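Structural overview for review
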Amino acid sequence: MRLFWAPHTRSLRALWMLEEIGAPYERVLVDLKNGAQHTPAYHAINPMEKVPALQDGDACVAESGAIIAYLAEKFPQTGLAPAIGEATRGRYLQWLFFSSGGIEAAITQKYTKSEMPEGTAGWGSFDKVFNVLEEVLTGSPYLLGDKFSAADVLIAADLHFTINAFKLLEQRPVFASYLERCQSRPAFHRAAKIDADGV
Ligand SMILES: N[C@@H](CCC(=O)N[C@@H](CS)C(=O)NCC(=O)O)C(=O)O
């Protein structure tokens, strides 16, 4: 497997997931500053010309949520996704899609200071998105209960960016302890080091 990535970007989500999986992979640095994402070769990997993207033999997958879902399904033995038929599978899929449909949209709205009626915006509002997450995580160590899953990789990475990197949201005790739990995992430490080292 080859991960096309760049440091200090949404690639951290895929990096963290690959480190959770523990299978061998190669990192291919995409030099965003010099436009390496806009070459025909990279366009064939990800027509959106963004990172991250994963190549696995003949398969290519972009969109960090999709990469995470792909890896969880390819390596079921890691137990990072509830199997089809398990009751928690529904919520698992919900939180994976909530990352791009809810959190990404909400932070874009906040960042651009744009107004949108709550009933029209699929994510409701910035406050609603994060209040819902806070409600779910109150009294529950992880999104699906006691068990860490691939959905936590995605949502914890999103919270990390929203609170710590972009400072678009104030820290809340529930998010602080959730992030501490998720980010104390050795796989997160390895991914964060790769991200910081930039190689
Ligand atoms: N929805 C995509 C977003 C990816 C994305 O926006 N990547 C940014 C870096 S965080 C990028 O590659 N930007 C470079 C560009 O657009 O030229 C995902 O979740 O993977």
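Residues numbered from 1 in each chain as written. Predicted model: local features only at pLDDT ≥ 70, side-chain atom pairs only at ≥ 80, totals over all residues. Heavy atoms only, no water.

**Some thoughts on the packing of helix 1 (residues 11-21) against helix 3 (residues 64-74)**
Short version of the rule: In this description, a line fitted to the C-alpha atoms serves as the axis of each element, helices being fitted only across the stretch in contact, and the angle between N-to-C directions of two axes falls anywhere from 0 to 180 degrees. A helix here means a DSSP run of H or I that spans at least four residues, while a strand means a run of E at least two residues long, and both kinds are numbered starting from the N terminus. Here the word oblique covers every angle except those under 35 degrees (roughly parallel), over 145 (roughly antiparallel) and from 65 to 115 (roughly perpendicular). Note on contacts: a residue pair is in contact if any heavy atoms of the two residues lie within 4.5 Å. Polarity classes work like this: nonpolar for Ala, Val, Leu, Ile, Met, Phe, Trp, Tyr, Cys and Pro, charged for Asp, Glu, Lys and Arg, and polar for all others, with Gly in that last group.
In contact at an axis separation of 9 Å, helix 1 and helix 3 are set at 10 degrees when each is read in the N-to-C sense. For the element pair helix 1 / helix 3, the angle class is roughly parallel. Of the residues in helix 3, those in contact with Arg13, Ala14, Met17, Leu18 and Ile21 of helix 1 are Ser64, Ile67, Ile68, Leu71 and Ala72. Taken together, the residues that form the contact of helix 1 with helix 3 break down as eight nonpolar, one polar and one charged.

**Some thoughts on the packing of aromatic side chains**
Worth spelling out the cut-off: Any Phe, Tyr or Trp ring, taking Trp's six-membered ring, that has another such ring centre within 6.5 Å forms a pair; planes under 30 degrees apart are called stacked, those over 60 apart edge-to-face, and the others tilted. Buried means the residue's accessible area, taken with a 1.4 Å probe over protein chains only, is under 20% of the maximum for its type, while exposed means over 50%, and partly exposed covers the values in between.
Inspection of every chain in the model, using the stated rule, returns seven aromatic pairs. Summarising the aromatic geometry, the rings of Trp16 and Phe188 are spaced 4.8 Å apart at their centres and angled 65 degrees between planes, so their arrangement reads as edge-to-face. Here the residue Trp16 occupies a position in helix 1, and Phe188 occupies one in helix 8 (residues 186-197), the gap between them amounting to 172 residues. Residue Trp16 is classed as buried on the basis of its relative accessible area of 0%. The buried category is assigned to Phe188, whose relative accessible area is 9%. When the ring of Phe161 is compared with that of Phe166, the centres are 6.3 Å apart and the planes differ by 35 degrees; the resulting orientation is tilted. The rings of Trp16, Tyr142, Phe148 and Phe188 are connected pair by pair, giving a single aromatic cluster.

**Considerations on the domain arrangement of the protein chain**
Note the threshold: Per the annotation, domain bounds derive from an automatic or database assignment of domains. By convention, the term buried area covers the 1.4 Å-probe accessible surface removed from two parts as they join, with the contributions of both added.
Along its sequence, the protein chain is organised into domain 1 (2-79) and domain 2 (89-187). Between domain 1 and domain 2, the C-alpha centre-to-centre distance is 21 Å. With 14 residues of domain 1 at the interface, the matching set in domain 2 holds 19 residues. When the buried area of domain 1 at its contact with domain 2 is split by residue, Arg13, Trp16 and Glu20 rank highest and sum to 46% of it.

**Comments concerning the pattern of salt bridges**
What counts, and what does not: Salt bridge, as used here, is a side-chain nitrogen of Lys or Arg placed within 4 Å of a carboxyl oxygen of Asp or Glu.
Using the criterion set out here, one finds eleven salt bridges in the structure. A salt bridge links Arg10 to Glu104; the nearest nitrogen and oxygen atoms lie 2.7 Å apart. With Arg10 in the loop between strand 1 (2-5) and helix 1 and Glu104 in helix 4 (residues 89-112), this residue pair connects regions lying 94 residues apart in the sequence. Among the residues examined, Arg10 registers a relative accessible area of 42% and is labelled partly exposed. We classify Glu104 as buried; its relative accessible area is 16%. The salt bridge partner of Glu134 is Arg172, with a shortest N-O separation of 2.7 Å. Remark: Arg172 occurs in the loop between helix 6 (150-165) and helix 7 (173-183) and Glu134 occurs in helix 5 (residues 126-137); sequence separation between them is 38 residues. Exposure remark for Arg172: the relative accessible area of 10% places this residue in the buried category. Via salt bridges that share partners, Arg10, Arg13, Glu104 and Asp158 belong to a single interconnected network.

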